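What the coordinates show
Each chain, written out:
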Amino acid sequence: MSATAGSKALTPPDVAACKGEKPLVCLTAYTTPVARLVDPHCDVVLVGDSVGMVLHGLQSTIGVTLDMMMLHGKAVRRGLEHALMVVDMPFGSYEESPEQAFRNAARVMAETGCAAVKLEGGEAMVSTIRFLAARGVPVMAHVGLTPQAVNAFGGYKVQGRGEDAQRIRHDAFAVAEAGAFAVVLEKVPEALARRITEEIAIPTIGIGASPACDGQILVVDDMLGLFGDFRPKFVKRYAELGETASEAIASYAREVRERRFPAAEHVFADAPETVKGGETA
Ligand code: KIV
């Protein structure tokens, strides 16, 4: 039996109802401990297919599989009580037909206990979003820069500048009309994000799309400074945990080489002793 969303967890309708009421706080998570950290602060926790790049060292999200999403989804489920959990549908798992999308989304929901899935694409995904929404699969859409189409775009470029704005507006309208409960707007100019946010009835969640959006999402490893030297303009680093970890590991290595670790307090005596906290070691 898979875990299911707890009764205290936010639902897709709760998140949709935040439109115009309060900013939506969203982050990614891929593991139980990180899910526990972000849950008290977030409205939405996304098990993003960015997991492939962030945790598995892939060059893009294209190689991410349904099994990877399922494994990380199950781990995140165990760490959430409050936030709405959304799982990304990976490249190749939903584009073929609405039926393929339903089959795989149903598996993801049943096995991970998530309450919604996210898929990339605008106009081209309308019939799929409509099919899923009508069959009990809440869909978060994703338009603008859609990383699974990196090869078609020729890189991770800003989308919707100048005349191209109309294409992204059309995509956002189309997914909202098809029944998505929210839409991620990635890497689009501020004026366009503002216009879309004012025009559509569902919340826009921005990443590199300005404060004009109804909410914001970041990859948690990026904002914690854990993902190497990746410093795109739209990411604010709220901590430098990578540097802190690197210093800690260097200290450990030095102390082992100098035979300063383990120290007396880390060593077991011959006879059992009572240690701090009352346990017997
Ligand atoms: O895969 C991901 O993490 C995402 C978000 C950052 C929007 O799609």
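Position numbers for residues count from 1 along each chain, tracking the sequence in the order it is written. Side-chain atom pairs in this predicted model are given and counted only at pLDDT of 80 or more, local residue features only at pLDDT of at least 70, and totals for whole chains, interfaces and linings cover all residues. For the side-chain quantities, the full set of heavy atoms in the structure was used; hydrogens and water were omitted.

A cis geometry characterises the amide bond from F261 onward to P262, with omega recorded as -5 degrees. Mapped onto the elements, P262 comes out in the segment after α11 (241–257). With a phi angle near 80 degrees, S210 is a residue other than glycine that sits in the positive phi range. Only runs of H or I of at least four residues qualify as helices and only runs of E of at least two qualify as strands under DSSP, and these elements are numbered from the N terminus. Tracing the sequence through the fold places S210 in the loop between β7 (204–207) and β8 (215–218).

By convention in this text, a residue qualifies as near a molecule or strand provided that one of its non-hydrogen atoms is within 4 Å of it. Neighbouring the ligand are the residues T28, L46, G48, D49, S50, D88, K118, H142, V184, I207 and V219. Under this definition, polar contacts are N or O atom pairs within 3.5 Å; protein pairs additionally need one hydrogen-donor-capable and one acceptor-capable atom, and for neighbouring residues in sequence, both atoms have to be side-chain atoms. The separation between an oxygen atom of the ligand and a polar side-chain atom of D49 is 3.0 Å. Here an oxygen atom of the ligand sits 2.5 Å away from a polar atom, N or O, in the side chain of S50. Considered on its own, the ligand offers 260 Å² of accessible surface; in the complex 95% of this is hidden by protein. Residues are sorted three ways: Asp, Glu, Lys and Arg are charged, Ala, Val, Leu, Ile, Met, Phe, Trp, Tyr, Cys and Pro are nonpolar, and all the rest, Gly among them, are polar. Here the shell around the ligand is composed, by residue class, of 4 nonpolar, 4 polar and 3 charged. Reported accessibility uses the Shrake-Rupley method at a 1.4 Å probe radius. Residues are deemed covered only where the shown protein chains occlude them.

Let us now look at the packing of aromatic side chains. The criterion for an aromatic pair is that two Phe, Tyr or Trp rings (for Trp, the six-membered ring) have centres within 6.5 Å, with stacked assigned to planes under 30 degrees apart, edge-to-face to planes over 60 apart and tilted to the rest. Evaluation of the coordinates by the stated rule reveals 3 aromatic pairs. With a centroid separation of 5.6 Å and an interplanar angle of 65 degrees, the aromatic rings of F227 and F230 are classed as edge-to-face. Buried, partly exposed and exposed residues are distinguished by accessible area as a fraction of the type maximum, computed with a 1.4 Å probe on protein chains only: under 20%, between the cut-offs, and over 50%, respectively. Take F227: its relative accessible area is 23%, and that puts it in the partly exposed class. Comment: the charge-over-ring label is applied if NZ (Lys) or CZ (Arg) is within 6 Å of the ring centre and within 35 degrees of the ring normal. One residue, R135, lies across the ring of F131, its end atom 3.6 Å from the ring centre.

Our next topic: the pairing of strand β3 (residues 84–88). Summarising burial for β3: 5 of the 5 residues are buried, a large majority. Taking every second residue as pointing to the same face, both faces of β3 are buried, with L84, V86 and D88 on one and M85 and V87 on the other. The rule for pairing is simple: two strands pair if DSSP sees at least two bridges between them. Sheet topology note: the strand β2 (residues 44–47)/β3 ladder contains 4 bridges and is parallel. What sits directly across from V45, in β3, is M85. In this structure, β3 lies alongside strand β4 (residues 116–120), joined through 3 bridges in parallel fashion. Looking at the pairing, V86 lines up with A116 of β4.

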